[in-house]
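Okay, here's what each chain looks like letter by letter:
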Amino acid sequence: MKAIAVVPKVKNSAQIVDVEIPSIGDDEVLVKVNLVGLDGTDREINEGHYGEAPAGDALLIFGHESLGEVVGTGSSVKSLQMGDNVVATVRRPDDCINCHAGEYDMCLKGNYTERGIRGLHGFLSEFYVEKEKHIVKVPNGLGDLAVLLEPTSIAEKAIRMAFLAQKRMIWSPKMVMVTGTGTLGLITAMLLRLRGLNVISVDRSDDEYKENIFSRLGVTHFNTDKINLHDIPKKVGMQVDLIIEETGSSSVALHSMMVVGTNGVVVLTSITGGDKKIEICADCFNQGLVLGNKAIVGTVNANRQDYEQGILDLMAVEKKWPGVLSKLITARYPPEDIQMALASMKDNIKTVIYFQKK
Ligand SMILES: [Zn+2]
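All figures in this text were calculated on a predicted structure; none of them were measured in a lab.

Turning to the overall build of the protein chain, a few remarks are in order. On a plain count of helices and strands, the protein chain comes out with 10 helices and 19 strands. By principal-axis analysis of the C-alpha atoms, the protein chain measures approximately 60 × 40 × 40 Å. Sequence-distant contacts, at least 24 apart, represent 68% of the contacts inside the protein chain between residues at least 6 apart.

Ranked by internal contacts, the top residues of the largest apolar core, which has 87 residues, are L148 and I353. Both domain 1 (2-138 + 326-354) and domain 2 (153-298) contribute no fewer than three residues apiece to this core. If sequence neighbours within four positions are ignored, I353 has contacts with L35, V36, L38, L124, Y333, P335, I338 and A341.

The side chains of a regular strand alternate between the sheet's two faces. Among the five residues in strand 12 (residues 175-179), five count as buried, and that is most of the element. Taking every second residue as pointing to the same face, both faces of strand 12 are buried, with M175, M177 and T179 on one and V176 and V178 on the other. Of the pairings in the sheet, the one linking strand 12 to strand 13 (residues 198-203) comprises five bridges and is parallel in character. Residue pairing across strands places V176 opposite V199, the latter belonging to strand 13.

On to unusual backbone geometry, then. Backbone phi values are negative for most residues with the exception of glycine, while trans is the configuration of most peptide bonds. Phi is positive for N293, which is not a glycine, with a value near 50°. With respect to the helices and strands, the residue N293 is situated in the loop between helix 8 (282-291) and strand 17 (295-298). Residue N293 is classed as exposed on the basis of its 12 C-beta neighbours within 10 Å. Of note, N301 is a non-glycine position whose phi angle comes to about 60°, a positive value. Looking at the secondary structure, you find N301 in the loop between strand 17 and helix 9 (304-320). Under the C-beta neighbour-count criterion, N301 is labelled partly exposed, with 17 such atoms within 10 Å.

Buried accessible area, meaning the area lost when the parts come together, often serves as the stated size of an interface. As assigned here, the protein chain comprises domain 1 (2-138 + 326-354) and domain 2 (153-298). Look at where the C-alpha atoms of domain 1 and domain 2 centre, and you get two points 29 Å apart. Classifying every residue of the side of domain 1 that touches domain 2 gives two nonpolar, no polar and three charged.

Turning our attention to the packing of helix 3 (residues 149-165) against helix 9. As a packed pair, helix 3 and helix 9 sit with axes 8 Å apart at the nearest point and diverge in direction by 105°. When the interaxial angle is binned, helix 3 and helix 9 end up roughly perpendicular. Contacts between helix 3 and helix 9 involve L149, T152, S153, E156, K157 and R160 from the first element and D306, Y307, Q309, G310, I311, D313 and L314 from the second.

A sheet is described by the order of its strands in space; here three strands give the open sequence 7-8-9, paired in mixed fashion. Each having just a single partner strand, strand 7 (91-92) and strand 9 (119-120) make up the two edges of the open sheet. Judged from the two bridges that link them, strand 7 and strand 8 (residues 113-115) form a sheet pairing that is antiparallel. If you follow R92 over to strand 8, its bridge partner there is T113.

We now examine helix 3. The end-to-end C-alpha separation of helix 3 is 24 Å, in line with the 24 Å expected for 17 residues at 1.5 Å each. In terms of burial, helix 3 is largely enclosed, as 13 of its 17 residues are buried.

Let's shift gears to the sheet that holds strand 1 (residues 2-6). Reading across the sheet, the three strands line up as 2-1-4 and stay open at both edges, with antiparallel pairing between neighbours. Edge positions in the sheet fall to strand 2 (15-18) and strand 4 (60-61), since each has one partner strand and no second. In this structure, strand 1 lies alongside strand 4, joined through two bridges in antiparallel fashion. Note on strand 4: the bridge partner recorded for A5 is I61.

Moving on, we come to helix 4 (residues 183-194). For helix 4, with 12 residues, the first-to-last C-alpha span of 17 Å sits near the 16 Å given by 1.5 Å per residue. Within helix 4, 11 of the 12 residues are buried, which leaves the element mostly enclosed by the surrounding structure. Listing the buried residues of helix 4 in full gives T183, L184, G185, L186, I187, T188, A189, M190, L191, L192 and R193. With its phi angle positive at about 80°, G196 sits one or two positions after the end of helix 4.

Helix 4 packs onto helix 3 with a crossing angle of 55° between their chain directions and a minimal axis gap of 9 Å. Here helix 3 lies oblique to helix 4, going by the angle between them. Here helix 3 and helix 4 pass one another in a crossing that is right-handed. Between helix 3 and helix 4, the contacting residues are P151, T152, I154, A155, E156, A158 and I159 on the first element and T183, L184, I187, T188, L191 and L192 on the second. Here the residues of the contact of helix 3 with helix 4 sort into nine nonpolar, three polar and one charged.

Note on placement: Q166 falls in the loop between helix 3 and strand 12. Through-space distance from the C-alpha of Q166 to that of V10 is 43 Å; in sequence the pair is 156 residues apart. If near-sequence neighbours (up to four positions away) are discounted, Q166 is found in contact with W171 and V265.

What counts and how
Residues numbered from 1 in each chain as written. Predicted model: local features only at pLDDT ≥ 70, side-chain atom pairs only at ≥ 80, totals over all residues. Helix = DSSP H or I, 4+ residues; strand = E, 2+ residues; numbered from the N terminus. Contact = placed C-beta atoms within 7 Å. Core = buried A, V, L, I, M, F, W, Y, C linked by C-beta atoms within 7 Å. Buried ≥ 20, exposed ≤ 12 C-beta atoms within 10 Å, placed from the backbone. Domains from an automatic or database assignment. Pairing = 2+ DSSP bridges. Nonpolar A, V, L, I, M, F, W, Y, C, P; charged D, E, K, R; others polar. Axes fitted to C-alpha atoms, helices over the stretch in contact; angles between N-to-C directions. Parallel < 35°, antiparallel > 145°, perpendicular 65-115°, else oblique. Expected span 1.5 Å × (residues − 1). Left-handed = near helix turned anticlockwise from the far one by under 90°.

The following block contains the structure:
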């Protein structure tokens, strides 16, 4: 079968390879891949910054945002049938207490593996095999939009973490801010609007295409090249109760902790790989956190419950704002054009690779 693999740590090595279709075990299903979304991790894997091949393998088939159809089931598989549309989760547990309890996204030891990223092949291939327990069945009604489920699960976990952290008090958030307007930022804004919250979106641009999406959702957008992040609460006349930080900028992450209002919470999702240094008033920073009862929560990956909530919310978004989710998928490429697809990501919201022609 056709697959797309990199030589880990080798720049621009993503290429088509021909590999055997894996055989299925009793508790596994064979999935025919339809779409695979690309994200920043995939780009970094192709740039050689990231990625680890399975033990004994020189290549890593990457891609972790999948949508496919079940075309084979092992003898003990009960919850899935031929023809089901499915998405696979990404992380696989190690032997820590959190992983043991099913909280593999909260892994304590860090010896987890991740399909398409770390130690396991991913989904950029015509077929993949996975255990039934790591597969999430998606309703046919979502169609191609289900390829957005993996990034949606990340947003769902971030929101879940915020509300869990805030159980420390009576909390009735009115105004939330999402920093960053990539796929994750846009999906997060949608999920928060679904919950009836006022949503501010910030990034460093005025993009007409995204502005259109914001106006349909009722999201207020600010360009932080034109207004200081710290001035936004005054501008909207309300304190910001929750900030979900998704820019990839550690400076924005740090400033978010100062911008969030009394009793507020900041959820950090950006993986910032550099060694940037900024100067802040440490006393003011600390005092603001203490006197404001503020909480800072880091979050990575997602749990199965976040995928399941994601399905419900993607369907609700599609019902409330029909057609808005499909505006996120702005580029589609065949597997052969993988390098072009990866290069196109900077000008796109979500780029996908299609293995099945429509
Ligand atoms: Zn673990």
